Each structure stands twice: as structure tokens, then as C-alpha cells.
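Working through the structure, step by step
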Amino acid sequence: MPVEFLSDDQAARYGCYHTDPTPEQLTRFFYLSEQDHAFIAQRRREHNKLGCALQLCTLRFLGTFQLDPTAVPVVAIQNVADQLQLDPAVLPQYLRRVNTRFQHQQLILAHLDYQPFDDVQAFRLIRWLYAQVATSTVRPSVLFDLATAHLVSQRVVLPGVTTLARLIARVRDRLSRKTFEGLSHRLTSEQRANLEALLVLSEGERLTPLEVLRTSPTRVTSPALLAALLRIGQLREIGVGSLNLSDVPEGRRALLARHAQTAWAQTLLRMGEDRRLATLLVFVQHLERTATDDVLDLFDALMTSLALKGEAKRRQERLRTLRDLDQAALVLQDAVRVLLDESVPEVDLRRIVFSRVGQTRLWEAVGTVQALASEDDDTTPEALSGSYATVRRFLPTFLKTVEFQGTPTAKPLLEAWRFLARQEEGGRGKPKWTEAPRSFVPRAWERRVFPAKGEVNRQAYTLCVLDRLQQALKRREVFAPRSERYGDPRAELLQGPGWEAARDDVSRALGRSLDPQAELELLRTELNAAYREVEENLPQNTALKLEVRDGHTQVSLTPLDAQPEPPSLVRLREQVTLRLPQVELAALLLEIHAFTGFASAFTHLTDGRVQVKDLPLSVCAVLLAQACNIGLKAVARQDVPALTLSRLSWVQQNYVRAETITAANARLVDAQLDLPLAQSWGGGEVASADGLRFIVPVRTIHAGWNSKYFGSQRGVTYYNFTSDQFTGFHGIVVPGTLRDSLFILAGLLEQQTRLDPREIMADTHGYSDVVFGLFALLGYQFSPRLADLADQRFWRLEKNADYGALNDLSRHVVNERLIAEHWEDLLRLAGSLKLGKVKATAVMRTLQRGGSLSGLGRAVAELGRIEKTLYLLAYVQDEAYRRRILGQLNRGEGRHRVGRAVFHGHKGELRQRYREGMEDQLGALGLVVNAIVLWNTRYMQVALEDLRHAGMDVQEEDVARLSPLLHEHVNMLGKYDFTLPDEVAGGQLRPLRDPNSPEEWLAQLA
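Residues numbered from 1 in each chain as written. Predicted model: local features only at pLDDT ≥ 70, side-chain atom pairs only at ≥ 80, totals over all residues. Heavy atoms only, no water.

1. With respect to the overall build of the protein
So the rule is basically this: Here a strand is any run of E in DSSP of at least two residues, a helix any run of H or I of at least four, and the numbering for each starts at the N terminus. Buried, partly exposed and exposed residues are distinguished by accessible area as a fraction of the type maximum, computed with a 1.4 Å probe on protein chains only: under 20%, between the cut-offs, and over 50%, respectively. Throughout, a residue-residue contact means that at least one pair of heavy atoms, one from each residue, lies within 4.5 Å. Only the protein chains shown count as cover for residues, and all accessible areas are computed by the Shrake-Rupley method using a 1.4 Å probe.
Of the regular secondary structure elements, the protein holds 43 helices and 14 strands. Based on the C-alpha atoms only, the size of the protein along its principal axes is roughly 135 × 85 × 70 Å. Expressed as a percentage of the 1006 residues in the protein, the buried residues total 51%. Looking at the protein alone, contacts between residues at least 24 apart form 75% of all its contacts between residues at least 6 apart. Accessible surface, the protein: about 48100 Å² in total, of which carbon and sulfur atoms supply 49%.

Here is the structure:
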């Protein structure tokens, strides 16, 4: 193929019958209407009638004619012949006269109103291609399929495969050149010189300025934060940050930035001038935003670290002074006893206390208690009290470098931030400390910040501002406009004309009415029915208990008993496992590629091409190295060109990234979805989410502390999603450990497989009413495993409804007026999330506190209370539901065990410094685990058939309880051999093991 972006399979399928038409396709494309019959009747001979009819149907079905008009599936020939009441055996005679076939084609075009692909149609297609390429970054192989569908819809005969492929390549190339020229011509001579200087290696330096600037910080220290702030200043000095690039599609900008992030300076120097300058321009703007993210990540990590160290010091000091506090308490105890002694006259009380305890001792005790005892629940002010010298190192530069904006609730904090900035500027306009904004200071800080009337403790005030800023950034009450992850999430919501145009479509897609009263009435009916069903079944529900504590009703559930395994299931599992062939992990990946072609999803970073010689071999080696955490050297072989260390390093840099891993993983998930055995485990409508934790021993700002999971080190959580078919369909890297359910919804909305899970199971993870509300708005059922059922509130919509024994339990009433008032805003928010206009994690952070989007956050929470109550009532009522949640969570934990076994290198520790590297490596791990699951499912399916043929009674309920999460037969250690037997490479399966063979019998004994 002269155009390399097409795979051989895609080229072979173009304009050809690659499978038999389905019954639906036969009805749609091969049915001959009365007009068709009249047209065909004009042919005189039977073979001409049948051949002409087949060419007519072929054009409708494929969009083009076949070189051999008789190369049509037998089922289609028979279908058309039956309609014409002709014998299919006459068809070969149609090949005798070529001129007749071509004449028929011209007549068919006129009959069906199709246009040949001439210069006019080529011009129209080029215009359409320009529009597609200019507004998106769709891969050329996908664009090829879109162009094919477009031509068919326009009733244009498809051109040859190479003609269309070359046309697409030419349009993409021309538009790329046009984009590069347009961007480079926006630059002044000074800006051009500044960008070119990024690639020049100065004398005595080891790294170019570009390589220095794109290196993110790794230490969590105040000098590192200062250096990160200065890095932003260096980027701004280039002078291109203010150029407007909004006319360039975001996806194309991301593609250019990603290439500049990974390419060597020498590679960029070899580009044409326009392309080089355009790439550097886009990258510098992107880098300023991500550098701001790095600064804010580092600020958050540093403030957290200072608070943790200060808290440890406070506790240590607390233990040291505990003896003094005890002594003071004993003195005060003696004084209070005299005070409480009713036999002591009131007039002599003061004299007796002083005589027994001593006035001096009493004052000393009071002073000790005042100094050591704290009346504040929040110990953050005391923990941060010794950190002023540390923050002073970066604060002046921080105040000058990062611009903040905020919601109305953050206005006092931003005024305080600007007050500190004016203090640093100095001069005559410097405000007095007595004029410092006060309303943002919380109660826990007041005593330290304002020690006396009219006084301000400057150090405590500064620390309070930074502490409040950290919390407001987490909630997105404060945001940085020139940032990727800390920007204003509200700015991306559908609004104005955009919302008006999308409102009806969004409501239909969400299955929601635009009338809030209709929706509330449905919820009222559902909630009333759920309460009454639980109340009626209380006598039979022996697991549910109602207990009165502190004057109110609470519920408790008896824990589930372990579900017994019948002997038939145990025997079936044993027999299937014994039959699975032994396989090397390297060979397993190649075999799965032969089955799914997943390695073809790895395209080059810049040109989107796939066709590199033996690319699947190189990709599988890189994936194995990353998933097993063993490095490229362990899989490299100098005697195999596709496995040399330099080739693997090049493939890893240019092909293996989050985007291509996601596309390849989707192929594996989709292949599993089509297997009959996987269908017996589930249809893909149910999923679970849980975190797999990794210690990160290297210096990085993208890891967090948790002594329970990481000990004295820091780590990350790979929060991944498992379908009911055991496949992992998405994953998110979270610094530290997960504190809430914000990432669950993000995973469901961002995953790109054919699966459409509507119900998600998870552990508690600090879920909130807001989470339940947003899940319900988007049509998902959130089903967490509850650990604190007794503390849950049950809500009602009707204040006076009678639910019998559940009346006190359901005493809390939902504010339905708030839901009705904000109903359209609720739909607008859900539509923005559904259409990908805004990220779920950013929006949900703002909603958690309710003030950032006016009353919208509280309205979401009120709706969530209804949905949570419906879930709780189903949870306490239905044992099978609780067991289903537990079973799905166990599937996720089983995937984690396989993941741990695969990720065995370097003691199972993740040694990536940057977020992108973490995402790529853990994404490769998830993909390899999916490959193991798919391989196991295929062979388990064959093993089950083998057992049935052998006469074993295989029960369907036992098959539904099997699991493909097995890895004992997969060798992940030692030398990695990337070879396949010829028959396996050709698509055949390996022979099953024979459990009765002498070798297997000895192996079982061993």
C-alpha cells in the first residue's frame, strides 16, 4: 500500500463482501421493489437479469461495483434469485460479455440516482474532508471509514481504495502545512528568535532550554516550589502566552504539544521552519498551563507536608507536657472539691481554697492549663504555626506569578490574597495591617491571627491565607485561569444559546422530563412504594433489625453468610483449570493480538501511521516490560531487529501513550463482550470500581502519604473499573489514596469501550448526597457497599406519609422546592457532563460545598437524598442485591491479585516521577491483565466444550460462577520469548492440556 495508515484488513474489507449479509441487511439492501423488478425485466436473458440484479444490490450494499459481479455471497445470490424466480446456476454465463456488464452499471446508476466519482465529486469530497480535519484530530484510518460512509450517504460510487487513501493523506498534509504556516506567521521576529533559542545548546550546558523547561519538579520543598514559580516566569518571558490560538482545534493543539513534550531537540530542529515554530508556540502555551498545575500541585503537597510535620511535632510536644498538665489538673481538682463541698460556708470559700491549695499554686495551675489545653477541634493553626520561615521563601514570587479568580463565596479570601500582594510591593500605597480583610478567617484561626483588639499577627495571618487558599483550590472556589486542572469548571458548562439548542436533546438522552413536578411525582410514587414494601416485609426480613438509640430508630443488618459452593462447581473449576495450556506471557500477548489486532491501535504520535515492520512485536514487548515493571532491557534482544533496545525505546516514546493504550484496551474489552462464556457472567451493564495501591519510592509531587498503605513512604492509587465480564474498561491514577467517589463518575463518562454499565458498585469511599444526585441525573445506579448503615439518614418527600414502623427512621424531609427551582440547571449540569463539556471531578468538587454554583450544589444534594434513600431501602430489603454487590466487588479484587502478580519487578513499586509516566505504565498493566482475562476466557470456553463432549454434566449455574482471573499457568518470569507456533499465529487455538496424561499427573503430585 502506498499510503501506510490503512491496515491490511481495512484495505481488504473496502468495497468487498468480507462476510455474509445478515438477515436484516438482506431485507434492507437485497429486496427488489416493483420499480427494481420493472427495471430488471427489461433484460432479456435470465443470466443478464440475475447479474444485473446482483450488481444493483451490490451497489446499494457496498456503495460500489465489484470487478467480478458474481463474487457475491451464496446467501445473497439465492435471495435475489428466489425473488426473480430464476436458477442461480445461470449466473456464470453473465461473465461472458464484459461490455454488457459495464452497460448495466451505467443504467443502474441512473436507476438508483447514483453519481460516479468524477472530478466534481472529488472536489466536494475534498471540501468535506477539509471540514473534518480542520475541526477534529480523528485518526486517518477512522477518517477513511467516515469518508466511505459519507460517500455512500451521498449516493456516490466509491473510488478505488488507494485513490481515497491518497486523497485523505493529501488533505491532511495540506491542512497541516496550512496550520503550521498560519501559526508561524503570527509570530514577531523577537518571538521567533525566543522560540528558536529553546533548541540551542549553550556552551558548557548538557541540556537545551527546552529540555530544562519541560522537566517538571519532583521534590516537595519550598526551594522546589520557588524554582517551579521561576519556571513559569521563564516561559512567560518567551512572550507568546497572549497569542490567541482558539481557532486551532483543541485536539490538534494537544497533539502538537504531546509531540514537543517527548521529542528530542534534534528532532524538532530537523522539522521545517513553519512546523517547528508552530509546534514550539503551541507547546510553550501548553507548558505554561501545565507548569501552573505543577506549582499548585506542589503548593498543595507542601502545605499538607508542613501540616503533617507540624501535627507530629504538636503531638510530641503534647506528650512531653502531659505530666505538667496532669499536675495542674490535680491542683485545680483540689480547689473544685472545696467549691463543691456543701459544708463549707460561702463566705469562707475563698479563704479555705487559698489555705488548702495556695493562691500561687492555683494561679500557676491556671496558667499551665491555659498554655497547654486547646479549645479548638481544628489543630491546623497550631500545626502550621512554625512554618512561616518556610513559606516566606516562595511567597513573594507566588504572589506575583499566579493569578487567582474565584466564586462569590471566595471574594473575602481573594481580597486577603491581594492585600498580601500589596504588602510585598511596598511603596506609599502599602496598606496598613489594621486594614487587612478579616471575614475569611475561620474561628480556629481567630485567636492566633487577632491576639487582641486592633492587633494582627502578620505571620499567623499569612499562614491562615495560605491554608484557606489550599482548601479553596481543592473545592474550586478559587481557580487559576491559566491552568489546565485548576481552571474554572463553570466556564465550560452549557449556557446561553448553546444550552437552548441542546436542551431538548439532552432531556431525551437523559430520559428526564423538562417539567420538575412530573419528575418529583415519579420519585414520590417510587419512594412511597419502597418504604411500604420494606415495612410490609419486616416480619419476614430476619436480617434487618430496627433498634432505638438516643431516642431515634436506627437500622442494622446481619452480615451475609458465605455462599456455599456445590461439589459440581468445585469439580468443574478444577477440570477447566487443569485443561488450560501453559503459556509464556510474551506469547500470550502475541496470540491475543492475532485474535483482536489490538497492537494496530498503537499509532505514531505525529502522523497517525501504523505500518512499521513488526510493530506488534515491538509493542507487545514494551507493554510486557511496563506491565511487569522490569524495564526494556529485560525484553530486548539484539539479534531481533524489532526487539533491539533502541527500537523498543523509540516505540515506547512514539507509540505507547495513554491515548493508544485506551484504544487498544477497548479492542480487548469489545472482544470479551462477544464471547458466549463472558455473556454467561454478565452483559456489561454492571461494573465495580476499586483502587490498587503502589508505593512510589522516587521523588515526585504526584504521590501522597498514607501510613496504612504506604508506611513511611508515599504512593498512588490506580483506581480502575471492572465489568461483570471481568474486564477492566478504564483506570485513573490518584495521588495518595481515594477520599471520595468523585472519580467513579469520571471513569464512567470517559471510558471508550462498547460497554455501557448502568450500575456501579464501590466501597464506601466517603460518598455523599451530591454523588448520588449526579449519578441519578446521568442515569447511573450508584451501589456502594455500606460500612456505616446505622449512621445513614433515610429521607422522605411527604411529611405526613404513614410508613408504620419506619416513621421515625424516615423523619427527615427533602426540600423538593429547591429541586424544582433548579431543575433546568440540574439538567444543564448533567448535559454538560454527558457531552464532555466539563470534567466530572472538577464540577463535583465545586458542588460538594454547595456555594460555588449558587444553590445548585444543594439542589443536587437534595435529589441525591431521594436516590440514596431508594438505594438504602433496596439494600436492606434484598439479600440478593447485597450479595450481588459483594460478588462484583470480589471480581475487582480478583483482578487486583492478577495485577499484583504481573507487576512483580522492582518489588512491585512504581518508579515513575511524572503523572504521564504513571498513567502510561499502569494503563499498560491494565491492558495486559485484560489480555490474560481474554486469553483465559477463550480457552475456558473450549475446555467447557471439551468436557461436554466427554459426557460431563456441566450446569449453567456453575459456569456463571467460574472466573477467568487465573494466572498460575502463565509464566511471567525468566527469558521472554516473543514467538508463536505457525498454527497459533494463523488463528488456531493451542491444544488443551490432558489432565490424565503422565506429565500432568506428576505435575499435580509435585
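2. What to know about helix H4 (residues 46-62)
Worth spelling out the cut-off: Expected span of a helix: the number of residues minus one, times 1.5 Å.
For H4, with 17 residues, the first-to-last C-alpha span of 24 Å sits near the 24 Å given by 1.5 Å per residue. Following H4 by one or two positions, Gly-63 has its phi on the positive side, about 85°.

3. Focus on the confidence of the model for the protein
Rules: By definition, pLDDT measures how confident the predictor is in each residue, and it falls between 0 and 100.
Looking at the protein, the pLDDT average stands at 86 and 93% of residues meet or exceed 70. Counting interchain partners and residues more than four positions distant, the pLDDT-below-50 stretch residues 849-853 has 14 contacts.

4. Focus on the environment of Ala-901
Checked against the element boundaries, Ala-901 lands in helix H39 (residues 879-902). Along the chain, Ala-901 and Leu-872 lie 29 residues apart, while their C-alpha atoms are 36 Å from each other. With residues up to four places along the chain from it excluded, the contact list for Ala-901 reads His-967 and Met-972.

5. Remarks on the pattern of salt bridges
Rules: Put simply, a salt bridge is a Lys or Arg side-chain nitrogen that is within 4 Å of an Asp or Glu carboxyl oxygen.
Counted according to the given criterion, the structure contains 40 salt bridges. For Arg-512, the salt bridge goes to Glu-519, with nearest N and O atoms at 3.0 Å. For Arg-512, a relative accessible area of 15% puts it in the buried group. The network of salt bridges with shared partners includes Asp-293, Asp-297, Arg-485 and Arg-915.

6. Digging into the nonpolar core
Note the following rule: What we call a nonpolar core is a set of buried Ala, Val, Leu, Ile, Met, Phe, Trp, Tyr and Cys residues that are connected through their side-chain atoms within 4.5 Å.
One finds Leu-588, Phe-602, Val-902 and Phe-978 to be the most contacted residues of the largest nonpolar core, which totals 84 residues. A total of 17 residues in this core trace back to one element, the largest contributor, which is helix H40 (residues 915-949). Apart from residues lying up to four places away in sequence, Leu-588 is in contact with Val-583, Ala-931, Ile-932, Trp-935 and Val-970.

7. Examining unusual backbone geometry
Most peptide bonds take the trans configuration, and most residues that are not glycine carry a negative phi. For Asp-113, which is not glycine, the phi torsion reads 60° and is therefore positive. Relative to the assigned elements, Asp-113 resides in the loop between helix H6 (98-112) and helix H7 (119-135). Phi at Arg-155 takes a positive value of approximately 60°, unusual for a residue other than glycine. Inspection of the secondary structure puts Arg-155 in the loop between helix H8 (140-153) and helix H9 (161-184).

8. Regarding the packing of aromatic side chains
The condition is simple: Classification of ring pairs uses Phe, Tyr and Trp, with its six-membered ring standing for Trp, and accepts pairs whose centres are within 6.5 Å; under 30 degrees between planes counts as stacked, over 60 as edge-to-face, and the remaining range as tilted. Two thresholds decide whether a charge sits over a ring: the Lys NZ or Arg CZ must be within 6 Å of the ring centre and within 35 degrees of the ring normal.
For the structure shown, the criterion picks out 26 aromatic pairs. Both rings, one in Tyr-871 and one in Tyr-875, keep their centres 5.6 Å apart while their planes meet at 45°; by these two values the pair is tilted. Taken together, the residues span about one helical turn, with Tyr-871 and Tyr-875 both in helix H38 (residues 856-877) at a distance of 4 residues. The same class applies to Tyr-871 as to Tyr-875, namely buried. Taken together through their ring pairs, the aromatic side chains of Phe-772, Phe-775, Tyr-780, Phe-782, Tyr-871, Tyr-875 and Tyr-881 make up a single cluster. Looking at Arg-693, its charged tip hangs above the ring of Tyr-709, at a distance of 3.9 Å from the centre. Looking at Arg-900, its charged tip hangs above the ring of Phe-694, at a distance of 4.9 Å from the centre.

9. Looking at the packing of helix H3 (residues 34-41) against H6
Defined as follows: To get an axis, fit a line to the C-alpha atoms, keeping to the stretch in contact for a helix; angles then go from 0 to 180 degrees between the N-to-C directions. We call two directions roughly parallel when the angle between them is under 35 degrees, roughly antiparallel when it is over 145, roughly perpendicular when it lies between 65 and 115, and oblique otherwise. What makes a crossing left-handed is the near helix being turned counterclockwise from the far one by less than a right angle; a clockwise turn instead makes it right-handed. In this classification, the charged set is Asp, Glu, Lys and Arg, the nonpolar set is Ala, Val, Leu, Ile, Met, Phe, Trp, Tyr, Cys and Pro, and all remaining amino acids, among them Gly, are polar.
Running from N to C, H3 and H6 cross one another at 155°; their axes reach a closest spacing of 12 Å. The orientation of H3 relative to H6 falls into the category roughly antiparallel. Along this stretch, H3 crosses H6, giving a crossing that reads as right-handed. Contact with H3, carried on its side by Gln-35, Asp-36 and Phe-39, involves Leu-107, Ile-108 and His-111 of H6 and no other residues of that element. Tallied by class, residues from the contact of H3 with H6 come to 3 nonpolar, 2 polar and 1 charged.

10. Description of a nonpolar patch on the surface
Note the cut-off: Nonpolar side chains (Val, Leu, Ile, Met, Phe, Trp, Tyr) are joined into patches within 5 Å and like charges within 9 Å, using only residues with over 30% relative accessible area and no salt bridge.
A cluster of nonpolar side chains, contributed by Val-336, Leu-339 and Leu-340, occupies part of the molecular surface with about 300 Å² of accessible area. By the element assignment, Leu-339 lies in helix H15 (residues 273-340).

11. Some words on the side chain of Arg-828
With respect to the helices and strands, the residue Arg-828 is situated in helix H36 (residues 823-834). Ignoring any residue separated from it by four or fewer positions in sequence, one finds Arg-828 in contact with Leu-493, Leu-494, Gln-495 and Trp-499.

12. Let's talk about the pairing of strand E4 (residues 552-557)
For clarity, the cut-off: Two strands make a pair as long as DSSP finds a minimum of two bridges between them.
As paired strands, strand E3 (residues 544-549) and E4 are joined by 6 bridges and run antiparallel to one another. Counterpart to Arg-549 in the pairing with E4 is His-552. Taken together, E3 and the strand that follows it, E4, pair antiparallel across an intervening segment of 2 residues, in which Asp-550 is found at a positive phi of about 55°.

13. Comments concerning the environment of Ala-671
Among the secondary structure elements, Ala-671 is positioned in helix H30 (residues 658-673). C-alpha of Ala-671 to C-alpha of Arg-785: the two residues are 114 residues apart in sequence and 30 Å apart in space. Non-local contacts of Ala-671, meaning those with residues more than four positions away in its chain, are made with Phe-595, Thr-596 and Leu-934.

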